Amino acid sequence: MTVPKFDPLEGFSEVERLVGKVYFRFSHLFMDQPELRDFWWEMARQEEQHALILLACKIVIQNYEDEELDSSISRETAERLKEHIRNYLSQGTPSISCEEAFKIALEIETSEIDVIYGKLLQLGGPKIAQTLENLGVPAAVQRQKLKVAMKHFCSDPKLLAAAEQL
């Protein structure tokens with residue numbers, strides 16, 4: 001039995017959706033704090049948007065006759081990220097502190113995901129890179145929102161120092 005060819009855009013679209021689920025969970029855990037609830041809801045919505053952007057890129061890229069996405073981007077990396085996030089989601093979260101939520105988000109946002117997107121841009125050819133950049137919301141924008149929110153909601157010096165690195 002042959003293993004189907006790995007499609008990095010589909011694989012990482014699923015990673016983005018899983019991250020969105022984590023952030024939606026956070027928004028529900030902070031229902032009694034509207035500002036925090038709304039922040040996590042917006043972060044989740046943006047992750048869903050990223051997932052859809054990746055799928056839109058896939059459709060556009062299929063029409064390119066002279067370029068294709070390099071399939072050397074590893075299935076193992078995508079599967080490892082998905083498994084890590086699924087493990088967190090499967091634990092259930094009856095409650096969480098604000099700082100614990102930001103610590104998890106920081107871990108997610110500084111994971112291998114950015115490295116992979118960099119590879120997608122490098123290995124696909126100039127038209128594919130331009131399509132991904134044109135359709136995408138830069139991760140840097142989302143990281144800056146996370147940084148501002150961490151400064152607003154957190155008091156843990158380690159978290160604040162980590163926020164400065166975003």
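Numbering of residues begins from 1 in every chain and follows the order in which that chain's sequence is written. With pLDDT at 70 or above as the cut-off, local features in this predicted model cover only qualifying residues; side-chain atom pairs require 80 or more to be listed or tallied, and sums for whole chains, interfaces and linings still use all residues. Side-chain measures here rest on the full set of heavy atoms in the structure, leaving out hydrogens and waters.

Caption draft 1: Inspection of the nonpolar core at higher detail. In this text, buried Ala, Val, Leu, Ile, Met, Phe, Trp, Tyr and Cys residues form a nonpolar core when linked through side-chain atoms within 4.5 Å. For each residue, the accessible area found with a 1.4 Å probe, counting protein chains only, is set against the maximum for its type, and the residue is called buried under 20%, exposed over 50%, and partly exposed in between. Val 22, Tyr 23, Phe 26, Trp 40, Phe 102, Leu 146 and Met 150 are the most contacted members of the largest nonpolar core, which has 40 residues in total. Secondary structure elements with two or more residues in this core: α1 (8-29), α2 (34-62), α3 (75-90), α4 (98-109), α7 (139-153) and α8 (157-164). A helix here means a DSSP run of H or I that spans at least four residues, while a strand means a run of E at least two residues long, and both kinds are numbered starting from the N terminus. Among the elements that make up this core, the one with the highest residue count is α2 (9 residues). Note on definitions: a residue-residue contact is assigned when non-hydrogen atoms from the two residues lie within 4.5 Å. In this structure Met 150 touches Phe 102, Leu 106, Leu 159, Leu 160, Ala 163 and Leu 166, once residues within four positions along its chain are discounted.

Caption draft 2: Spatial organisation of the pattern of salt bridges. The salt bridge criterion pairs a side-chain nitrogen of Lys or Arg with a carboxyl oxygen of Asp or Glu, the two atoms within 4 Å. By the definition in use, this model includes 8 salt bridges. Two residues, Glu 14 and Lys 82, come together in a salt bridge whose shortest N-O distance is 3.2 Å. Taken together, the residues span a long stretch of sequence, with Glu 14 in helix α1 and Lys 82 in helix α3 at a distance of 68 residues. Here Lys 82 falls in the buried class, since its relative accessible area comes to 5%. We note a salt bridge from Glu 14 to Arg 86, for which the minimum N-O separation is 2.3 Å. Taken as a pair, Glu 14 in helix α1 and Arg 86 in helix α3 lie far apart in primary sequence, 72 residues in all. On the basis of relative accessibility, which here comes to 30%, the residue Glu 14 falls in the partly exposed class. Using a relative accessible area of 32% as the deciding quantity, one classes Arg 86 as partly exposed. In this structure, a network of salt bridges that share partners links the residues Glu 14, Glu 79, Lys 82 and Arg 86.

Caption draft 3: Geometry of the side chain of Lys 147. Mapped onto the elements, Lys 147 comes out in helix α7. On the accessibility criterion, Lys 147 (14% relative accessible area) is buried.

Caption draft 4: Expanded view of the packing of α2 against α4. The axes are straight lines fitted to the C-alpha atoms, using for helices just the contacting stretch, and the angles between their N-to-C directions are given from 0 to 180°. The geometry of α2 relative to α4 is characterised by a closest axis approach of 12 Å and an angle of 20° between their N-to-C directions. As the angle between them shows, α2 and α4 are arranged roughly parallel. Relative to α4, the crossing made by α2 is left-handed. Every residue of α4 that contacts α2 at Leu 36, Phe 39, Trp 40, Met 43 and Glu 47 is listed here: Cys 98, Ala 101, Phe 102, Ala 105 and Glu 109. Gly falls in the polar group here, along with every residue not listed as nonpolar (Ala, Val, Leu, Ile, Met, Phe, Trp, Tyr, Cys, Pro) or charged (Asp, Glu, Lys, Arg). Of the residues in the contact of α2 with α4, the class split is 8 nonpolar, no polar and 2 charged. Throughout, the term roughly parallel applies to angles under 35 degrees, roughly antiparallel to angles over 145, roughly perpendicular to angles from 65 to 115, and oblique to all others. For any helix crossing, the convention is left-handed if the near helix is rotated counterclockwise from the far helix by under a right angle, and right-handed if that rotation is clockwise.

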